[in-house]
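Below are the chains, spelled out letter by letter.
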Amino acid sequence: MDDQGCPRCKTTKYRNPSLKLLVNVCGHSLCETCVEALFVKGSGICPECGTALRKNNFRVQLFEDPFIEKEIEVRRKILKDYNKKEEDFKTLEEYNDYIEMIETLIFNIVNNIDVDETRQMIEQYKRENKDQINKGRNKKSKDEEYLECLIEQEKEESSLKRKFIVEEEQREKDSKKKHKEALLDELMFSDRSALDILNEHKTDIDKENELRVPVMATTKFSTGIKLGAQGPFMSVPQQTVELFTYSPIHLDVLGPDPPDEEALETNGYLRHIRSASDEEKGGGFESKLACMRALLDAVNGLFYLPDQV
Amino acid sequence: MKLNIDGLLVYFPYDYIYPEQYMYMLELKKSLDAKGHCALEMPSGTGKTISLLSLIVAYMKANPLEVTKLIYCSRTVPELEKVVAELKNLMDYYEQQLGKGKPKILGLALSSRKNLCINPEVSQERDGKNVDALCHKLTASFVRANHKRDATVPVCSFYESYDAHGKEMPLPEGVYGLDELQEYGRKKGFCPYFLARHAITHANIVVYSYYYLLDPKIAEVVSKELSKNAVVVFDEAHNIDNVCIESMSIKITRRTLDKCQQNIDGLSKQIQRLKDCDAERLKTEYQKLVQGLRDANIARETDVILANPVLPDDVLKEAVPGNIRTAEHFLGFMKRFLEYMKIRLRVQHVVSESPPSFLKDCYQKVCIERKPLRFCAERLNSMMRTLELVEIHDFSALSLLCHFATLVSTYAKGFVLIIEPFDDRTPTISNPILHFSCMDASIAIKPVFDRFQTVVITSGTLSPLEMYPRILDFRPVTMATFTMTLARTCICPMVVSKGNDQVAMTSKYETREDVAVIRNYGNLLVEFCSIVPDGIVCFFTSYIYMESTVAAWYEQGILDQVQKHKLLFIETQDAAETSLALLNYQKACENGRGAVLLSVARGKVSEGIDFDHHFGRAVIMFGIPYVYTQSKILKARLEYLRDQYQIRENDFLTFDAMRHAAQCVGRALRGKTDYGIMVFADKRFARADKRSKIPRWIQEYLKDGLCNLSVDEAVQVSKRFLRQMAQPFSREDQLGLSLLTVEQLDQEDTKKKLQSRMQYV
C-alpha cells in the first residue's frame, strides 16, 4: 500500500502519509494537491488520458487499483438500469444470459471496446424498458432479502442475549446474597449442629441450580413467521399465472371412429340431413354439426361391454 | 482365544484378555446391533485397537449384509502402521484357527502421495505439497493426452500401467500396509497411491487419516463413494472437535492477497495466450459451463487437486451464473473481490462480523452478489483445467481465496469473520489477518454421522464424556467409560497444592509472577529429581510461562540443583530441535541417572509421544493448561457454544484444559506392567469441578487424602509408592485379576466383577 503514489507529482504515501488520492470517471488517480492545482477553474482534462473532467466529480479513491474504481462506477450506473432480478425470468437460463449480457456491456465500456455502440445499446434499452426500470428500481432480489432477514435476526438475538446475561448475573448475585444471609441466620439461631446446617444448605443450592435450566427466549412464532423483519415469507407473492395453451379435446367414443369432417361431404352423409336455413347459418349453425353429432351418437358405445368395465 | 461376546463368536489373537477389553467389546457389539453411534473411553495401553478390530471383523463375518466395511481413522502415520500391524496379527490368527488359507478380507492403509509414491523422481521430494504437484504434473489428464500426441511429454509410467491394466484387476485379499502397497506396486508396475484410492471402494477394512473423512476438500475426492453400511472408528478422538474446526477455517493475510494479485495477473496472461492460439478450447469450456457444473467435470480422478469445500448438491447441479461464465468476466470478478478484500484488511481495530453482514457490505461496495461467490471454487477449478496449468501449487493463494468466497457465501450460521490489524504480541507492526473461523465442530462431522450407520468415537481420555455429543451434535446409543483393572496400584496421582512454606501453588494469572510460587515449583522439581529414577517429564501451560519460569529458576540456582541429579532437556517451538531434544532425553533415560524434559501442554510432546516405562516415571503438571482466553476466535466460539448448545464458557474452558492435562499425565502409563507418578501441581486441581473431569481411571486412585499435599508430603507418598513398585512383578500376579483366560471369563462371579469396571454416562 505504501508504494501508492500520485502519477503526476510522484508523491508517495510513504513520503507523505497524509496523501489523499482522488479518482474521477476515467479511472486515473491524482492526489488532492494536484487536483487543486489543475482544476482551478472547476473543469479540465485528465493528464493521463485527456478526458474532459469536472472537479466536483472527483472522489476519494477507495480501492488500490483505480481501474477497479472505474469499473465499479460504470457497473453501478448500468445496474441501475438493468435491474431485473432472477424472479423476473421464467427460466434460469434466460437469467444467466441476461446477466452475462450485462457483464459484457460493462466489460466493453471499461476496456474501451466499441464504446459508442455499447452506449447506444444501453440508451436503446433504457428507452424501450422505461417502465420496467422504474418498477424494478427499489426492488430487492431474493438473496438480498434473505441476507437482510438474517442480519435483522442476528441483531435481535444479540440484544436479547445481552439482556438475558445481565438478568442472569443479577439473579445470581441476589440468590447468593439471600442464601448467605439465610445460612448465617440459621447458624445463629438454630440448635442443630453446624455441619448439618451446612450440608442442608449445600444440597438446597445444588437442587436450585439443577432446576434452573437456561431457557432461551424464543424469537419466533410457532408458525415460523419472523418477528419484526419482513422476511421473504411475507413478501408480496409473485403473480405467476401460466398462459393458456390449447390442447385438442380427446373423446373416448368406445366404438369405431366416426368419419371426419371432410368425409361427410364426399361420402354423401350430408344428403340425409336437412340443410341449414339462412337464419340458422347466420347464427353459426351448419348442417355438418348436426350430421357429425348424429354420427357420433351412432358409433358411441358400440364396443361397450358392461362386464369389461 | 475364541470368545463368546453376546452370542457372537470372536477370534481374539492373544491367549489372555483384559477384563475391560471384554466389556469394551460387549458395548461395541450393542451399538453395532442398534446401528447407532457410540462414544467409548478406555485407558491407553489396554488394547483398544485389537478389541475394536477383532470384534468388528467378527461382526462383519457373521453379518456380511449389515456391515460391509470398516473405516478406521487414526491421526498419524505411525499410529496407522500400528493398526495395520494389529490387523495382520488378527488375520494370521484367523488363518491359523480356520486353516482354510487366508481369510477373504481385504484391508489396506491409505496415506498421502508422499508416503506411497514409488516413482523414483517424484518420491525424492520431501515436502508433501511438492510431491502432489509433481504427481499432478505427470498424471493430469491433459498431460496424458499431450503425451499421446507427443511422446516427449513426460508421464508417470506407474500411473500409465495402472490405468491400462490395474483397474480391472482387483487387489488380492490380504492386509496391505503402506510398505506392502509399495511393494505390490513395484512388482506389478502400478501406482500404489491410485491403486489404494481405487481399492478403498471394495476393501473391507480401510485405515486412513482423519482428514480423509473430515476435511471436506479431501473427503469429496477420496471418500465420496463409501457405502452406508460402514462402521467408522475415530481413534484418539479427544481432539476431534479441533480437527473439525481446523478443516473448515481459513486464514487470509495481506501476503496471501498479494500473491492472489500475482496469480490473477498470471492467469490473465495465460488466457490472452490461449485466446491467441487456441480460442476453441475456451469456447468449449464456456459451452460446458452453460450446461451445468457437474457435467463439466465428470470425475477425472487425477485432476482433482483443487477440490471444492462442501457445496450443497443442488448448487452443484445448477449452471454457473452468467456473469462469471466467460474467463475474462470471471477474472474481472475475482479482481473486484480481491480489491474488496484488500480494503477490508485495511482496518485500524479488530472487527468481528457475521457472514451475512460481510456479504451485504460486499454487495454495496463492489456489487458482488452472493450467488456467483458460491461458485467461485468450482469456477476456478474449471478454469485451471481449461488452461491446462501444470503448476497448480503456485496458485494455492488464489484457490484459498476462492474457497473462502464459497464458504462465506454458503454458510450463514456457525462461522465468524474476525479481522485483526496486528498480532497481539506486536501491536505496533501492522500485519492484518482475516480469520474466517468455524465455530461449530458439528458442521464438518455432520455428513459423517448422517452417512454411516455406526460411528465409534474412542480415546484414552474422553472425559467428560457427555461434552462430546453436545459439541459434535450427535445422539450416541452408548456412552461408556472403562477403568483399568490393575493387579497392583501402579499409578499414583496426587494434587500438590502448596510448598513447604505453605504458600499456595498455582499458575493463576495474578500469582504466576510471584517469586514464592516459582520457587516452590522449583523445589518440587528438585525434590522429585532426587527420588524418582530415570525420566521425569514436566508440562507447563505455555511457552511463555515456561521461559519465564526457567529463567527465574536459573537465577534462583534451582537448575543447578536439578542438574546435580539429572540432565535437563527443553522443548522448543522448533520441531527439529524438539525431536533432537527428545532423542537425547531418551538416550539419557537409558543411561545413568536419567533426565528431565521440560515441555508444554498442547505442544508436540504432549500429543502422540509415549513416555512408557523408564522414559517417564513421573509427570509433573505445572498449572492448569487453560487455552489463551483473550483470543478473539476463542471468544467467538465460546459465545456460539453458549447460544447454540447452552454450554457455559467456564465449562468449556475447564473441559478443554482438563482434557489436555489428562492427555499430558496419561503419557506416563502405557500398559499394565508400567508404573508412574502423576503430579498435578496447582491447588485448583483439587476443586470438585476440575477433579471430576479427570478420566475415571485416574480419578479412582486420586483419594481425598492425596488432594491437598505439600511438597514434603508428596515426596513421602512418592517414596513409598516407588518402593512398592520396585518389587518384582510377574504375569502370574496379574492372572485372574487383570488378565483373564477363557475359563475365567465364563465364571459367574467374574462377570459381576466386570460390571463394576464400567460406567455408563
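Residues numbered from 1 in each chain as written. Chains lettered and ligands numbered in written order. Predicted model: local features only at pLDDT ≥ 70, side-chain atom pairs only at ≥ 80, totals over all residues. Heavy atoms only, no water.

Chain A appears in an unreviewed UniProt entry as CDK-activating kinase assembly factor MAT1 from Magallana gigas. Under the UniProt heading Subcellular location (unreviewed entry), the entry covering chain A gives this text: "Nucleus". (UniProt positions renumbered as here; feature names shortened; annotations may be inferred.)

## A few points about the confidence of the model for chain B
Chain-level pLDDT for chain B is 87 on average; 96% of the residues reach the 70-or-more range. Note that pLDDT drops below 50 for residues 295-309 of chain B; the model gives that stretch 47 contacts with residues more than four away or on any other chain. (pLDDT = per-residue confidence, 0-100. Contact = heavy atoms within 4.5 Å.)

## Section: unusual backbone geometry
Glycine aside, the phi torsion of most residues is negative, and most peptide linkages are trans. The residue Lys-10 of chain A is not glycine, and still its phi comes out positive at about 60°. For Lys-10 of chain A, the location among the structural elements is in the segment before strand S1 (21-23). Not every positive phi belongs to a glycine, and Glu-236 of chain B is a case in point at roughly 50°. The residue Glu-236 of chain B is located in the loop between strand S8 (230-234) and helix H12 (240-248) in this model. A relative accessible area of 16% places Glu-236 of chain B in the buried class. (Helix = DSSP H or I, 4+ residues; strand = E, 2+ residues; numbered from the N terminus. Buried < 20%, exposed > 50% of the residue type's maximum accessible area, 1.4 Å probe, protein only.)

## Some points on the nonpolar core
Residue and element names in this part refer to chain B. Among the nonpolar cores identified, the biggest contains 188 residues, and Tyr-208, Phe-234, Phe-337 and Phe-404 are the most heavily contacted of them. With 11 residues, the single largest contributor to this core is helix H17 (residues 327-345). Once residues within four sequence positions are removed from consideration, Phe-234 is found in contact with Cys-73, Tyr-210, Leu-213, Leu-214, Ile-240, Ile-445, Val-448, Val-455, Val-456, Ile-457 and Thr-458. (Core = buried A, V, L, I, M, F, W, Y, C linked by side-chain atoms within 4.5 Å.)

## Topic: the pairing of strand S13 (residues 454-459) of chain B
Residue and element names in this part refer to chain B. With six of six residues buried, S13 is to be regarded as a mostly interior element. Side chains Thr-454, Val-456 and Thr-458 of S13 all project onto a buried face; the interleaved residues Val-455, Ile-457 and Ser-459 project onto the opposite face, where all are buried too. Both S8 and S13 contribute to a ladder of four bridges, which runs parallel. If you follow Val-231 over to S13, its bridge partner there is Thr-454. (Pairing = 2+ DSSP bridges.)

## Focus on the sheet that holds strand S19 (residues 618-622) of chain B
All names here are of chain B. Taking strand neighbours across the sheet as the criterion, the seven strands line up as S17-S18-S16-S19-S20-S15-S21 in an open arrangement whose pairing is parallel. Each edge of the open sheet is held by one strand with a lone partner, namely strand S17 (567-570) and strand S21 (709-710). Here strand S16 (residues 536-540) pairs with strand S18 (residues 595-600) via five bridges, running parallel. By the bridge assignment for S18, Ile-536 is matched with Val-596. This element, helix H32 (residues 711-725), spans strand S15 (491-498), strand S20 (676-681) and S21 of the sheet and lies at about 170° to S15. (Axes fitted to C-alpha atoms, helices over the stretch in contact; angles between N-to-C directions.)

## Topic: the sheet that holds strand S2 (residues 29-31) of chain A
Residues and elements named next belong to chain A. Here we have three strands laid out as an open sheet, ordered S2-S1-S5, and antiparallel in their pairing. Edge positions in the open sheet fall to S2 and strand S5 (59-60), since each of these has one partner strand only. Here S1 runs beside S2; their pairing, made up of three bridges, is antiparallel. Within S2, the residue paired with Val-23 across the bridge is Ser-29.

## Description of the packing of aromatic side chains
Residues and elements named next belong to chain B. In the structure shown here, the tally under the stated rule is 36 aromatic pairs over all chains. Every member of this aromatic cluster is reached through a ring pair, and the members are Phe-337, Tyr-340, Phe-358, Phe-404, Tyr-411, Phe-415 and Phe-436. Note that Arg-488 overlies the ring of Phe-729, its terminal NZ or CZ placed 4.0 Å from the centroid. Positioned above the aromatic ring of Tyr-675 is the side chain of Arg-617, whose terminal nitrogen or guanidinium carbon lies 3.9 Å from the ring centre. (Phe/Tyr/Trp six-rings, centres within 6.5 Å; stacked < 30°, edge-to-face > 60°. Lys NZ or Arg CZ within 6 Å of the ring centre and 35° of its normal.)

## Digging into empty space enclosed by the protein
All names here are of chain B. A complete count under the given rule lists seven cavities of 30 Å³ or more for this structure. The computed volume of the largest cavity comes to approximately 110 Å³. Lining the largest cavity are 14 residues, with Cys-117, Asn-119, Cys-135, Cys-156 and Cys-191 sitting closest to its centre. Ranked by residue count, the leading element in the lining of the largest cavity is helix H5 (residues 128-139), at four residues. (1 Å grid on protein atoms, 1.4 Å probe; cavity = no way out; pocket = protein on both sides within 12 Å on 5 of 7 lines; lining within 4 Å. Points joined across faces, edges and corners; volume = space filled by probe spheres on them.)

## A look at the environment of Lys-102 of chain B
Residues and elements named next belong to chain B. Relative to the helices and strands, Lys-102 resides in the loop between helix H3 (77-98) and strand S5 (106-109). Judged by relative accessible area, which is 52%, Lys-102 ranks as exposed. Sequence separation of Lys-102 and Met-505 is 403 residues, and the distance between their C-alpha atoms is 60 Å.

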